[in-house]
Amino acid sequence: MEMPLARRSRPSSSRPPPTTTSSAAAAAEPRGGRDWLSTLLRVRAKLTRRRAAADDDGTPLTDELLLLILAGVPTLADLVRCAATCRRWRRLVSAESASLSLTPRRAPGRFISPLALGFFHHEDAAPPRFVAMAMASASRRFPDLLLRHPPPSLSTLIDGELLGASSHIVAARNGLIVVDLRRGKHDRSLKLCVCNPMSGLVHVLPFLDGKEGVLHYACTVLNADDSDEKTVTPPRSSSYFRLVIVYTRHGFTVFRSYSSEEGSWSEEAKVNTAMLGQKQMSFTQGQGGIVQHGGRLVHWLARNVVFVLSLETLQSVVVSVPRSGNGQRFDMENTLLGLSPEERLCVIQFGHLSLVTGNQRVSIRVTTRTDRGWDLGELIQVEQSLPADVAGVRLKWFFEKSGVVIFSVIAGDNDRRRSEMYALRLDTRVVEKLVSHDREGDVWGNVHGYEMDQATYLASLAVPEGMEDM
Amino acid sequence: MEVDKGKGEAEETRKVAEADRDTVTLKSSDGKLFEVSKEAAARLSTVLAGMIAGGSIDDNGTDLKQIGSEALENVVDYCNKHANSIPSAALISSSISFNTAPFKEPEEWERKFVDRLSHDALFDLVEAANFLGMERLLDVTCHKISEMMKGKSPDQIREVFNIKNDYTKEELEEIRQELAWAFYDD
């Protein structure tokens, strides 16, 4: 068995979920599955053992002192450039990735494109499946991920007994996914599970049921990658996470959070003064929230508005969303929320969308929130990368840290349809086709993009097997 | 008898005198002697504090064979400056305010103190601070070096640290491609 990257978090056995139903009883002792993205871990285990071999890089400093220095390097890009200087430094950065990622760092000021690994999607009643993106760095680092057939499913990570037909992902960011384990659409008992597929972390949260039950909610998850230089108490472990959730209770919007360090839910607290109605709440479900300012602000896209919550004060406001198309209407189905490299809130929408054969125009616009309001960005044309027989496009996911937008395309004629998925990198504006299905219909349901956490990324900088002796 | 008694008394006197002295003498690897405030040494260095408490301080100069005279001079200089400095208002207020950073930013005089050092002197001081268990000095010197990395290319970092580039041409090309996102200027 391979070493997990982050220490496998103890399932919440110290505070077992209330065991009032049989399904809850099954969850009382959740069995973590295996991490299914294990190629990377094999490489790492090997390097850890080999670290003792002295590499003379000409620096007199011991590993211990060098690590102190590397831990304090201001940005992730600086740390990556350090790893690029010589074999010893690269080995240190990858082998000690967990502790190096705990230091709060300044915002990167740029997109970190290699963090985007792939996406999860639902088909029918099967558990979410993962599709690896064949983008350059991911395929080099994780060849195993691309070759797997059938593609890895969430059921190999989370115990099958926990996953029901209605289980679905409700948030995905910083290497973590949040899965709603409830079995039926009207099950008010809230059963959430936080996983990191790369490390094999599976953490089932204590269930909220009975009077505490919740039907509609908006949530997101934060971890060490969110801390910045203003963070008061940085997390002590790289497997730390904090899940935050808002829902309606007695006509108010209330807030609760769960921290892996405390292992318990906070009490309900009232959010002031903007509120989020049940209908709007249901619209946010599945998108997760965008986290800004080192975890101090969370943004959720609700129907035609952005709901902004300060996690420090629990003050909330709503911000209007720019109209898409030619300024005529809201197209919430094709509106994604994200952050610019400068950490400004931004909205991704279609600028032009015309699929008339012979005169197709498809462009994507990133509108950025400034102090003056929404600032229209320039249009990024993508029709040149699409098939000539494109019949429909839909925006699917914005990868918060890597600046990648994925969108699905229906192509072909009425007799033979294809469903394809494309990725647009906002920094280089390169469009890549990711995958194609010879099927029509909602092949790409409930899509959630997956980005690695920084600790996993740094660990992945290890020299791949077979290259060491070159 | 008389002589022996006299010698014993002298020893006693010397010990008392040493206990009363408010400085300790440290000896570098190359034999140079430095005086440092006993109070500051005990407060800033866990190793010196242990030696003072354990009575293993030598009046003729406590041997610190691992530390060269230039680094030891900087250590002593830091201790003396620290003893004289009054914590700035900013540091006091930040230590009680809600927004305390995990690592307390260097004070102005600490910043100046490390800024004037050459790279080699800085690295020697990191090792000396580590050897003597001087947590704050280690933090301040490491912080300075960490900050020096900001925006530097791998070539520039190699130069600062005198690192031998042990990558092959092919590997360097691969690194440039794979880590491209981190390579363009800030």
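Quick notes on the rules
- Residues numbered from 1 in each chain as written.
- Chains lettered and ligands numbered in written order.
- Predicted model: local features only at pLDDT ≥ 70, side-chain atom pairs only at ≥ 80, totals over all residues.
- Heavy atoms only, no water.
- Disulfide = S-S within 2.5 Å.
- Core = buried A, V, L, I, M, F, W, Y, C linked by side-chain atoms within 4.5 Å.
- Buried < 20%, exposed > 50% of the residue type's maximum accessible area, 1.4 Å probe, protein only.
- Helix = DSSP H or I, 4+ residues; strand = E, 2+ residues; numbered from the N terminus.
- Contact = heavy atoms within 4.5 Å.
- Phe/Tyr/Trp six-rings, centres within 6.5 Å; stacked < 30°, edge-to-face > 60°.
- Pairing = 2+ DSSP bridges.
- Axes fitted to C-alpha atoms, helices over the stretch in contact; angles between N-to-C directions.
- Parallel < 35°, antiparallel > 145°, perpendicular 65-115°, else oblique.
- Left-handed = near helix turned anticlockwise from the far one by under 90°.
- Nonpolar A, V, L, I, M, F, W, Y, C, P; charged D, E, K, R; others polar.
- 1 Å grid on protein atoms, 1.4 Å probe; cavity = no way out; pocket = protein on both sides within 12 Å on 5 of 7 lines; lining within 4 Å.
- Points joined across faces, edges and corners; volume = space filled by probe spheres on them.
- Patch = residues over 30% accessible without salt bridge, like charges linked within 9 Å, V, L, I, M, F, W, Y side chains within 5 Å.
- Areas by Shrake-Rupley, 256 points an atom, 1.4 Å probe, with all protein chains shown as cover.
- Salt bridge = Lys/Arg side-chain N within 4 Å of Asp/Glu carboxyl O.
- Lys, Arg positive; Asp, Glu negative; His and termini not counted.
- Charge placed at Lys NZ, Arg CZ, Asp CG, Glu CD.
- UniProt positions renumbered as here; feature names shortened; annotations may be inferred.

Caption draft 1: Layout of the state of the cysteines. A complete count under the given rule lists 0 disulfides over all chains for this structure. B:Cys79 takes part in no disulfide bond, and the closest cysteine sulfur, belonging to B:Cys142, lies 16 Å away. Note on B:Cys142: no disulfide assigned, nearest cysteine sulfur contributed by A:Cys82 at a separation of 13 Å.

Caption draft 2: Region of the structure containing the nonpolar core. Formed by 109 residues in total, the largest nonpolar core has its most connected members in A:Trp89, A:Ile158, A:Val179, A:Ile406, A:Tyr457 and B:Phe161. Top element by residues in this core is helix H7 (residues 119-131) of chain B. It accounts for 7 residues. The residues touching A:Val179, leaving out its near neighbours within four places in the chain, are A:Leu154, A:Ile158, A:Leu163, A:Ser167, A:His168, A:Ile169, A:Lys191, A:Leu192, A:Cys193 and A:Cys195. In this structure, A:Ile348, A:Phe350, A:Ile380 and A:Val431 belong to the second largest nonpolar core, which totals 23 residues.

Caption draft 3: A look at the packing of aromatic side chains. Overall, the coordinates contain 14 aromatic pairs over all chains when judged by the stated rule. Pairing A:Trp300 with A:Phe307 gives two aromatic rings, centres 6.4 Å apart and planes at 35 degrees, and the pair type is tilted. By relative accessible area, A:Phe307 is classed as buried at 0%. With 5.4 Å between their ring centres and 35 degrees between their planes, B:Tyr78 and B:Trp109 make a pair best called tilted. With B:Tyr78 in helix H4 (residues 69-84) and B:Trp109 in helix H6 (residues 108-115), this residue pair connects regions lying 31 residues apart in the sequence. The same class applies to B:Tyr78 and to B:Trp109, which are both buried. Aromatic ring contacts, followed pair by pair, group A:Trp89, B:Phe123 and B:Phe161 into a single cluster.

Caption draft 4: Highlighting the sheet that holds strand E5 (residues 192-196) of chain A. All names here are of chain A. Here 4 strands make up an open sheet; going across it, the order is E3-E4-E5-E6 and the pairing antiparallel. Pairing within the sheet leaves two strands with one partner each, and these edge strands are strand E3 (168-173) and strand E6 (201-204). Within this sheet the neighbouring strands show an average axis-to-axis angle of 20 degrees, counted without direction.

Caption draft 5: Highlighting the packing of H4(B) against H6(B). Residue and element names in this part refer to chain B. Between H4 and H6, the least distance of the axes is 11 Å, while the angle of their chain directions is 165 degrees. Relative to H6, H4 is oriented roughly antiparallel. Read as a crossing pair, H4 and H6 show a hand that is right-handed. Across the interface between the two elements, Asn74, Asp77, Tyr78, Lys81 and His82 from H4 touch Trp109, Glu110 and Phe113 from H6. Its residues assigned to classes, the contact of H4 with H6 shows 3 nonpolar, 2 polar and 3 charged.

Caption draft 6: Region of interest: empty space enclosed by the protein. Residues and elements named next belong to chain A. The tally for this structure, following the rule as stated, stands at 5 cavities of 30 Å³ or more. Of the pockets and cavities examined, the largest cavity occupies roughly 100 Å³. Lining the largest cavity are 14 residues, with Asn196, Asn223, Ser238, Ser239 and Asp453 sitting closest to its centre. Looking at side-chain class alone, the lining of the largest cavity contains 6 nonpolar, 6 polar and 2 charged residues.

Caption draft 7: Just a negative patch on the surface, in detail. Residues and elements named next belong to chain B. A surface patch of like charges, here negative, comprises Glu70, Glu73, Asp120 and Asp124. Residue assignment for the negative patch shows that the elements contributing at least two residues are H4 and H7. Mapped onto the fold, Asp124 is located in helix H7.

Caption draft 8: Region of the structure containing the UniProt feature "domain: F-box" (unreviewed entry) in chain A. The residues that UniProt annotates with the feature "domain: F-box" (unreviewed entry) are residues 61-102 of chain A. Summarising residues 61-102 of chain A: 71% helix, 0% strand, and an end-to-end C-alpha distance of 22 Å.

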